[in-house]
Amino acid sequence: MTTVQTTAPALVHGRSGRIGATDFDVERVRRDFPILREKVHGKPLVYLDSAATSQKPQAVIDAMSRFLLKENANVHRGVHYLAERATDAYEGARSKVQRFLNAEHAEEIIFVRGTTEAINLVAQTYGKTHLGDGDEVLITEMEHHSNIVPWQMLCEQTGARLRVAPINDTGELLLEEFEKLIGPRTRLVAVTHVSNVLGTVNPIRRIVEMAHARGARVLVDGAQAAPHLDIDVQALGCDFYAFSGHKMYGPTGIGVLYGRSELLDAMPPYQGGGDMILSVSFEKTIYNKSPAKFEAGTPNMAGAVGLGAAVDFLGSLNREALVAHEQDVLDYGIRALAEVPGLRLIGTARGKASVISFVLDDVHPHDIGTILDREGIAIRTGHHCAQPLMSRLGVVATARASLACHSTRRDIDALVSGLGKVREIFR
Ligand code: PMP
């Protein structure tokens, strides 16, 4: 059996070291997800695609439908009863997210469509006003397209240069190389907290220290971290943090950009329209303060309420036991898959969260995904919006199983047995 060290000890045992995976009642949590009772092709659903989008607990579905049934009206500026209820619900969700991230101020929480929009917002506001010809943005080889393309667009617009920090063959960021690449012209470092392909957990605090020591700002792509890790933006020290509601048990179309208030105050607006202004005349428009300044137009109110409910849902779980449980299923999965003949794991970093990528002999990952689907097993196959990473790894695509709070060792057993069928077909 291949021995792969997968987890940083702190992640396995939880912070106290006392609470473990067995303290997590996964069967109870599974009952919170109605979709897990569905059958796919006559088989029980085995959902191993939470990194693409998570399933929704009943509490989130209920909170959204309650809002639409009983509270819906346009937010802000309304004087009637429902407008006030809707505004309270929307702003209440902002406060929940503030606590979730441990942000200092609610005004630092900007509702956006998702991680992609959050990163584009920073590129087109902070980036456009702080970067010029010859300045640099530093990213890593393991970024998702949404943490590459907005910076390339910014570089095209400003004459700035994109620099890319390398990873090693296990999928860990080479910190020494990374540090060397932070130069006098580096204005911004944009790095993923958890890789959606490799599962690697990056040492964000260390990265922030390195960047700040050289006067660069740091944006963290938290799309894959928010559902799995405790996030404390003040402890991390980052300047911007982005995540999507739909990957952390909330709805699609809502996400968050956290930004430190002094940066947000100095940034120009992203889009123009209603709500982002204090006053408008044909001669001059005065912009509102954050967060309104960055939330032009009618926002996704039901989405924000759903995200607030997702934050409550995560808060209702014993976080330490949840982390231990997810690590247990991850470690079990990695050990089990490593024993499948012909299977090669992609991404074996020491600190990993919730993602197992692999290739199997010369079977195309899409064929793996299609055969597994017939068994009721949902995984993702392809380049996972990380084509430069695929090139670095020397593969065109991978198969990826990704976990959530409701994942079990049974799900992994089903995956391993499904892979047995794939091998029989391609023998
Ligand atoms: N970054 C990472 C690491 C991701 O996994 C994803 C989604 N696959 C994104 C960014 C983009 O998120 P969204 O599509 O929700 O904007």
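Calculation rules
Residues numbered from 1 in each chain as written. Predicted model: local features only at pLDDT ≥ 70, side-chain atom pairs only at ≥ 80, totals over all residues. Heavy atoms only, no water. Helix = DSSP H or I, 4+ residues; strand = E, 2+ residues; numbered from the N terminus. Rg over C-alpha atoms; globule rule 2.2 N^0.38 Å. Buried < 20%, exposed > 50% of the residue type's maximum accessible area, 1.4 Å probe, protein only. Contact = heavy atoms within 4.5 Å. Areas by Shrake-Rupley, 256 points an atom, 1.4 Å probe, with all protein chains shown as cover. Lys, Arg positive; Asp, Glu negative; His and termini not counted. Charge placed at Lys NZ, Arg CZ, Asp CG, Glu CD. Near = heavy atom within 4 Å. Polar contact = N/O pair within 3.5 Å; in protein donor to acceptor, adjacent residues only side chain to side chain. Nonpolar A, V, L, I, M, F, W, Y, C, P; charged D, E, K, R; others polar. Domains from an automatic or database assignment. Buried area = accessible area lost by both parts, 1.4 Å probe. Salt bridge = Lys/Arg side-chain N within 4 Å of Asp/Glu carboxyl O. Pairing = 2+ DSSP bridges. Axes fitted to C-alpha atoms, helices over the stretch in contact; angles between N-to-C directions. Expected span 1.5 Å × (residues − 1). Arc of directions from axis to C-beta.

Further remarks concern the overall build of the protein chain. When its secondary structure is counted, the protein chain shows 15 helices and 17 strands. By the compact-globule yardstick of 22 Å for 427 residues, the protein chain fits well, its C-alpha radius of gyration being 22 Å. With respect to the three principal axes, the spread of C-alpha positions in the protein chain is 75 × 55 × 40 Å. Within the span of the protein chain, comprising 427 residues, buried residues form 56% of the whole. Taking the contacts inside the protein chain whose residues are at least 6 apart along the sequence as the reference set, 72% of them involve residues at least 24 apart. Carbon and sulfur atoms make up 50% of the accessible area of the protein chain, which amounts to about 17900 Å² in all. Across the protein chain, the centroid of the 46 positively charged side chains sits 2 Å from that of the 50 negatively charged ones.

Our next topic: the site of the ligand. Lining the immediate environment of the ligand, one finds 13 residues, of which Thr-116, Asp-221, Gln-224, Ser-244 and Lys-247 sit closest. Ser-244 is positioned such that a nitrogen or oxygen atom in its side chain is 2.7 Å from an oxygen atom of the ligand. The contact in question runs from a nitrogen atom of the ligand to an N or O atom on the side chain of Lys-247, over 2.8 Å. Coverage of the ligand by the protein amounts to 84% of the 390 Å² it exposes when considered alone. By residue class, the composition of the shell around the ligand is one nonpolar, 10 polar and two charged.

As for its position among the elements, Ser-357 is in strand 14 (residues 355-360). From its side chain, Ser-357 meets the backbone oxygen of Val-197 in a polar contact 2.7 Å long. Among residues more than four places away in sequence, those in contact with Ser-357 are Val-197, Arg-344, Leu-345, Ile-346, Thr-398, Ala-399 and Arg-400.

A few words on the domain arrangement of the protein chain. Taken domain by domain, the protein chain holds domain 1 (9-48 + 318-425) and domain 2 (61-315). On a C-alpha basis, the centroid separation for the pair domain 1 and domain 2 is 27 Å. Between domain 1 and domain 2, the contact holds 35 residues from the first and 30 residues from the second. Of the roughly 2600 Å² buried at the junction of domain 1 and domain 2 (both faces included), carbon and sulfur atoms supply 55%. For the domain 1 face of the interface with domain 2, the top three residues by lost area are Arg-319, Leu-389 and Arg-392, together amounting to 26%. Applying the counting criterion to the domain 1 and domain 2 interface returns four salt bridges. Of the charged contacts in the structure, one is a salt bridge between Arg-350 and Glu-172, with a shortest N-O distance of 3.0 Å. Inspection of the region where domain 1 meets domain 2 yields 20 residue pairs in polar contact (both at pLDDT 80 or more).

Read across the sheet, seven strands follow the order 4-10-9-8-7-5-6 without closing on themselves; strand pairing throughout is mixed. Strand pairing shows two members of the sheet lacking a second neighbour, strand 4 (109-112) and strand 6 (161-165), which therefore form its edges. For this sheet, the mean inter-axis angle between neighbouring strands, taken without regard to orientation, is 20°. Contacting strand 4, strand 7 (186-192), strand 8 (217-221), strand 9 (240-244) and strand 10 (255-259), helix 5 (residues 115-130) crosses the sheet at an angle of about 155° to strand 9.

A separate point is helix 3 (residues 58-71). For helix 3, built from 14 residues, the straight-helix expectation of 20 Å at 1.5 Å per residue is met to within 8% by its first-to-last C-alpha distance of 19 Å. Val-60, Ala-63, Phe-67 and Glu-71 are the residues of helix 3 that are buried. Angular distribution of buried residues about the axis of helix 3 spans 65°; they occupy a single face of the element. Of the exposed residues in helix 3, the ones pointing more than 90 degrees away from its buried face are Leu-68, Leu-69 and Lys-70. Contacts made by the buried residues of helix 3 are with helix 4 (81-101) and helix 11 (301-316).

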